[in-house]
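Fold and contact review
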Amino acid sequence: IRGNANVSAMFARLGDEESIFSHSAIVGEDQDNKKYIVEALIPKGLIYTPVDQWLRETRDARVAVYRFNDEAMSQKAGRAIYRYAVDKGKTAPYDFAMDESDRTMFFCSEVAQYGYWLASDGDIVLPKHRTAACKLRTSTSFFDDMGIKTEGSLFSPADIEVDPRFELVLDFRDISANRLLQARRKDAVLQSIYQWMTRESEKDRYNFYSTPKYFLLG
């Protein structure tokens, strides 16, 4: 999924391999075969939303649907993560540290990862190929300042696109409202900021502010 918020560009370009995608979710299922979108959102943490409601409310710039190559396992994963979200969702906040070892909180890609882990008793690990995360980790203090604990790689939403176990079955692009165009412009801005931050000559020329005053002004 590609969202419209400015922070979406930050996530899309966080790794060494840049992508348009900034968010991911998994289709969950209850005992009556009703479908839900299970995801982790920054303001809400782990949540589940009926698919028809999610489709009415979404204003995302792009939504690509990928299907796992084992239909039975896919359904099992969807049911497992839905049950987990029902049981734990209200107490599972967003994981800004992107710490995949901590299952008390979740970032977006970790939700699907945990669903398949639960369904396979740990045999299926997502993704097949992880995004490298050296550009900002080694050249700047950005990850440390943001509290991101991942070291040499991270699970980017775009990693499902290159996972051979998944097949693309639907790709929606919102061109009529210019949301995709706006997303590309935001990506260009964030890419320029990241390039500026990684230059040796620019080190120590920026600071991160986390005071209440800053958030009020923002």
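Residues numbered from 1 in each chain as written. Predicted model: local features only at pLDDT ≥ 70, side-chain atom pairs only at ≥ 80, totals over all residues. Heavy atoms only, no water.

Notes on the overall build of the protein chain
Put simply, the rule is: Under the DSSP-based scheme used, a helix requires at least four consecutive residues in state H or I and a strand at least two consecutive residues in state E, with every element numbered from the N terminus. Just to be clear, the radius of gyration here is over C-alpha atoms, and the globule rule we use is 2.2 Å times residues to the power 0.38. Relative accessibility thresholds used throughout: buried, under 20% of the residue-type maximum; exposed, over 50%; partly exposed, between the two (1.4 Å probe, protein chains only). Each accessible area is a Shrake-Rupley result for a 1.4 Å probe, and residues are judged covered by the shown protein chains and nothing else. In summary, the charge assignment counts Lys and Arg as positive and Asp and Glu as negative, without counting His or the chain termini. Note on charges: their place is set at NZ of Lys, CZ of Arg, CG of Asp or CD of Glu.
Per the secondary structure count, the protein chain includes eight helices and seven strands. By the compact-globule yardstick of 17 Å for 218 residues, the protein chain fits well, its C-alpha radius of gyration being 18 Å. Once the C-alpha set of the protein chain is aligned to its principal axes, its extents read approximately 55 × 40 × 35 Å. For the protein chain, the proportion of its 218 residues judged to be buried stands at 46%. As displayed, the protein chain offers around 12300 Å² of accessible surface, 51% of which is attributable to carbon and sulfur atoms. Where the 30 positive side-chain charges of the protein chain centre and where its 33 negative ones centre are 5 Å apart.

Overview of the nonpolar core
To keep things clear, this is the line we draw: As used in this record, nonpolar core signifies buried Ala, Val, Leu, Ile, Met, Phe, Trp, Tyr and Cys residues forming a set joined through side-chain atoms within 4.5 Å. Any two residues having at least one pair of non-hydrogen atoms within 4.5 Å are treated as being in contact.
Leu14 and Tyr116 are the most contacted members of the largest nonpolar core, which has 38 residues in total. The set of elements that each furnish at least two residues to this core consists of helix 1 (6-12), strand 2 (35-41), helix 3 (71-88), helix 4 (108-119), helix 6 (142-146) and helix 7 (179-198). Excluding anything up to four places from it in sequence, Tyr116 contacts Ile26, Phe68, Met73, Ser74, Ala77, Ile124, Leu126 and Phe166. The next biggest cluster of nonpolar side chains, apart from the first, holds seven residues, and it includes Ala61, Ala64, Ala158 and Ala183.

A closer look at the pairing of strand 1 (residues 26-29)
Here is the key point about a regular strand: its side chains alternate between the two faces of the sheet. For the record, the criterion: A strand pair is defined by DSSP finding two or more bridges across the two strands.
Pairing of strand 1 with strand 2, which is carried by four bridges, proceeds in the antiparallel orientation. Bridge pairing links Glu29 to Lys35 in strand 2. Where strand 1 folds back on strand 2, the antiparallel hairpin that results is connected by five residues, among which Asn33 adopts a positive phi of roughly 70°.

A closer look at the pairing of strand 3 (residues 45-50)
Among the six residues that make up strand 3, five are buried, leaving the element largely enclosed by the rest of the structure. Examined bridge by bridge, strand 2 and strand 3 share six bridges and lie antiparallel to one another. Paired with Glu39 across the two strands is Ile47, which belongs to strand 3. Remark: three residues form the turn of the hairpin made by strand 2 and strand 3, two consecutive strands paired antiparallel.

Examining a nonpolar patch on the surface
Our working definition: Two joining distances apply to patches: 9 Å for like charges and 5 Å for nonpolar side chains (Val, Leu, Ile, Met, Phe, Trp, Tyr), and every residue must have over 30% relative accessible area and no salt bridge. Note on definitions: salt bridges are taken to be side-chain nitrogens of Lys or Arg within 4 Å of carboxyl oxygens of Asp or Glu.
A cluster of nonpolar side chains, Val65, Val169, Leu170 and Phe172, forms an exposed patch at the surface whose accessible area comes to about 310 Å². Among the elements that make up the nonpolar patch, the one with the highest residue count is strand 7 (residues 166-173) (three residues). Mapped onto the fold, Phe172 is located in strand 7. We classify Phe172 as partly exposed; its relative accessible area is 41%.

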